[in-house]
Amino acid sequence: MKVKRVLIVGTGIGGATAAVTLARQGLDVHCIDVKSERPTAGAGICLLHNTMRALKTIGLDEPCLESGMSFAVFREFDGAGRLLHTHPAPPSCGIRRPELARILETAAQESGAVLEKGLTVQALTDRGDCVEVQFSDGRQASYDLVVAADGVYSGMRKRVFGTSFEPRFAGQSVWRFNAPRPAEADGFCLYRTPTGKVVGIFPTSRESCYMFYLESSKEPLRIAEDRSHELIRERLAEFDAPAIRDALDLITNSSQVIFRPLDITLVPTPWHRGRVMLLGDSAHAPTPQMTSGAGMAVEDALVLAECLASSDSVGEALTAYDSRRFERVKRIYDASLQLCLNEQEDPVSNKDRSAALLLETYQYLGQPI
Ligand SMILES: Cc1cc2nc3c(=O)[nH]c(=O)nc-3n(C[C@H](O)[C@H](O)[C@H](O)COP(=O)(O)OP(=O)(O)OC[C@H]3O[C@@H](n4cnc5c(N)ncnc54)[C@H](O)[C@@H]3O)c2cc1C
């Protein structure tokens, strides 16, 4: 039996993109999110060449470029802000996360998907020929396929796959904040101090940029979240770069700083149990070094739609999806983790090795999916 009715759990990047691709194929798509509102605050995100290519196939590259800012350059600075090197980089788009969410969710609704916020799955029974779902508001419905796109800490994965694939700490935490874009941040910029501290900046629109700082620790860092604005200033005290100092001067409140440990997971295939499947971070959440987690989720959504369209049964479609996605996703996951480990071990002496791996993996990303 062909799939007709789909429930997508999570209206994040992967879930909303899947809502677009599946609804446009004529499927009856219901997409829910536990959060009651679309996020209006949040950091930036880099959409690499392969992510933009995937968005172009569903006509969403232009809206991203209009709201965000394209770039194709990688600049290296020292901690004082002196430009050391400029390299070509794969054509990318930096964008604010709430803007990306707006673009994807609007497209999903315009494609005919029904999006509901403030709703989750209370109970779920796979009957073999359908999945019966009870929602948190007491409603019940039956679906041909349930897509768990509920992120790295996926409750759906735990419910259906058990606890074997719970995320693990990757040895780094990330501090992120937004700022007005300095003129020099016209591409992906890294500022390095002689002690090996690195701050990254990239544009998220013509006017805005996003800054991040990765901190290594053996155990997950516990910080006083209400002091995160003071703590980030202490950590970045050795950076004299005006771009960084000016941004820090504007950070006066802990709500402006987003702090989180990097937790990762890679679930081995099959990524489905019966008619419940994983998509995006619920199946594969890498460290952010390759700026590719969202790109992988977007690609998942495209490939899932193709597999459902070209297969005669759900099982056949999901097996085809696994085999088209796993190797590619694993390669990105492994490269990201290696870069993360290089930084933890010795960012200064591993710099060239990391640059080579980054370049090689960018090239791989350009291959067809
Ligand atoms: C520091 C950092 C920087 C990154 N930078 C980049 C980058 O530059 N480029 C890039 O491509 N990727 C980047 N990523 C990765 C990217 O953010 C993720 O891969 C991407 O968000 C995954 O999308 P997703 O839809 O699978 O999950 P998410 O975007 O996490 O969405 C999951 C959704 O599910 C909802 N949800 C959760 N639980 C439930 C539930 N029980 N019921 C219903 N809904 C639920 C959540 O509210 C959320 O809306 C970065 C990640 C990190 C941590």
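As the structure is a prediction and not an experimental result, all values here were calculated from the model.

Our next topic: the sheet that holds strand β7 (residues 121-126). The 3 strands are arranged β7-β8-β9 in an open sheet whose pairing can be described as antiparallel. A strand with exactly one partner marks an edge of an open sheet, and here the two such strands are β7 and β9 (140-143). The sheet shows a mean angle of 20° between the axes of neighbouring strands, direction not considered.

Size of an interface: often given as the accessible area lost when the parts come together. Taken domain by domain, the protein chain consists of domain 1 (5-69 + 96-167 + 265-365) and domain 2 (169-262). Each partner contributes to the interface: domain 1 provides 23 residues, whereas domain 2 provides 25 residues. For the pair domain 1 and domain 2, the summed buried surface comes to about 1,700 Å²; carbon and sulfur atoms form 63% of the total. Inspection of the region where domain 1 meets domain 2 yields 4 residue pairs in polar contact (both at pLDDT 80 or more).

For R102, the location among the structural elements is in helix α4 (residues 97-110). By relative accessible area, which is 33% here, R102 ends up partly exposed. In the structure, R102 is positioned 95 residues away from K197 in sequence and 34 Å away in space, judged by C-alpha atoms. The contact partners of R102, leaving out residues within four places of it in the chain, are R38 and S67.

Looking now at helix α1 (residues 13-24). For α1, which comprises 12 residues, the first-to-last C-alpha distance of 17 Å matches the rise-based estimate of 16 Å (1.5 Å per residue) to within 8%. The buried count for α1 comes to 10 of 12 residues, which makes it a mostly enclosed element. If you check which residues of α1 are buried, you get G14, G15, A16, T17, A18, A19, V20, T21, L22 and A23. Contacts made by the buried residues of α1 are with β1 (5-9), β2 (28-33), α4 and α8 (293-310).

Moving on: the packing of aromatic side chains. In the structure shown here, the tally under the stated rule is 12 aromatic pairs. Each ring, one from F188 and one from F202, has its centre 5.5 Å from the other, and the planes form 25°; the classification is stacked. Here the residue F188 occupies a position in strand β12 (residues 188-192), and F202 occupies one in strand β13 (residues 198-203), the gap between them amounting to 14 residues. F202 shares its class with F188; the two are buried.

Where strands meet in a sheet, backbone hydrogen bonds hold them as pairs that are either parallel or antiparallel. The 9 strands lie next to each other as β3-β5-β4-β12-β13-β14-β11-β15-β18, forming an open sheet whose pairing is mixed. Only two strands of the sheet have a single neighbouring strand rather than two, namely β3 (44-47) and β18 (284-285). Pairing geometry for strand β4 (residues 69-78) and strand β5 (residues 83-96), over 8 bridges, is antiparallel. Bridge assignment links F71 to a residue of β5, and that residue is S92.

What follows deals with the side chain of T17. You can see T17 is positioned in helix α1. Note on T17: relative accessible area 0%, which makes it buried. In this structure the side chain of T17 is engaged in a polar contact, spanning 2.5 Å, whose partner is the backbone oxygen of I13. Other than its neighbours up to four places away in sequence, T17 contacts G12, I58, L104, V298, A301 and L302.

Further remarks concern the site of the ligand. Around the ligand sit 28 residues in total, of which G14, D33, C46, T120 and D281 are the nearest. At a separation of 2.6 Å, an oxygen atom of the ligand approaches a polar side-chain atom of D33. G293 has a polar backbone atom sitting 3.3 Å from a nitrogen atom of the ligand. Considered on its own, the ligand offers 1,000 Å² of accessible surface; in the complex 85% of this is hidden by protein. Within the residue set of the shell around the ligand, elements represented by two or more residues are α1, β3, β11 (168-180) and α8. Residue composition of the shell around the ligand, by class: 10 nonpolar, 11 polar and 7 charged. Residue-level mapping places the shell around the ligand at the junction of two domains, with at least three residues from each of domain 1 (5-69 + 96-167 + 265-365) and domain 2 (169-262).

What counts, and at which threshold
Residues numbered from 1 in each chain as written. Predicted model: local features only at pLDDT ≥ 70, side-chain atom pairs only at ≥ 80, totals over all residues. Heavy atoms only, no water. Pairing = 2+ DSSP bridges. Helix = DSSP H or I, 4+ residues; strand = E, 2+ residues; numbered from the N terminus. Axes fitted to C-alpha atoms, helices over the stretch in contact; angles between N-to-C directions. Domains from an automatic or database assignment. Contact = heavy atoms within 4.5 Å. Buried area = accessible area lost by both parts, 1.4 Å probe. Polar contact = N/O pair within 3.5 Å; in protein donor to acceptor, adjacent residues only side chain to side chain. Buried < 20%, exposed > 50% of the residue type's maximum accessible area, 1.4 Å probe, protein only. Expected span 1.5 Å × (residues − 1). Phe/Tyr/Trp six-rings, centres within 6.5 Å; stacked < 30°, edge-to-face > 60°. Near = heavy atom within 4 Å. Areas by Shrake-Rupley, 256 points an atom, 1.4 Å probe, with all protein chains shown as cover. Nonpolar A, V, L, I, M, F, W, Y, C, P; charged D, E, K, R; others polar.

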